[in-house]
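Observations on the three-dimensional arrangement
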Amino acid sequence: RQAFFTEHGREPKVWLDRCCIDQNNIEPDLRCLPVFLSGCRRMVVLCGPSYLSRLWCIMELFTFVHMGRGTSKIDFELVIRNGFEEEDCSSVE
């Protein structure tokens, strides 16, 4: 956050898909995904053990890259559970 503020002179703006998309009824919002992602310059992925196995998550990555943002604009942050470090790391390799 501080590095962003230093570089841009403002706080970062964040869109959280988990909060903005109905997780129990994803299909209608899936159609709007390009609209939602068009306002994003970068993507930060909080990647836990099940992230890469969920179609919705893969569609979001595909759409972001396909819109011309490229993989260099995606930052992956691993989310590892205490006591399951080895298992969780191997599931996202």
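Note that this is a predicted model, so its numbers are computed, not measured.

1. A short note on the layout of surface pockets
It is a probe the size of a water molecule, rolled over the atoms, that shows where empty space is left. Space inside the largest pocket adds up to approximately 1,200 Å³. Around the largest pocket, the lining comprises 29 residues; the ones closest to its centre are V14, W15, R42, M43 and V44. Going through the elements one at a time, helix 1 (2-8), helix 2 (17-20), helix 4 (33-38), strand 1 (43-47) and helix 5 (55-66) are the ones with two or more residues in the lining of the largest pocket. A total of four residues in the lining of the largest pocket trace back to one element, the largest contributor, which is strand 1. Counted by class, the lining of the largest pocket contains 16 nonpolar, three polar and 10 charged residues.

Cut-offs applied
Residues numbered from 1 in each chain as written. Predicted model: local features only at pLDDT ≥ 70, side-chain atom pairs only at ≥ 80, totals over all residues. Heavy atoms only, no water. 1 Å grid on protein atoms, 1.4 Å probe; cavity = no way out; pocket = protein on both sides within 12 Å on 5 of 7 lines; lining within 4 Å. Points joined across faces, edges and corners; volume = space filled by probe spheres on them. Helix = DSSP H or I, 4+ residues; strand = E, 2+ residues; numbered from the N terminus. Nonpolar A, V, L, I, M, F, W, Y, C, P; charged D, E, K, R; others polar.

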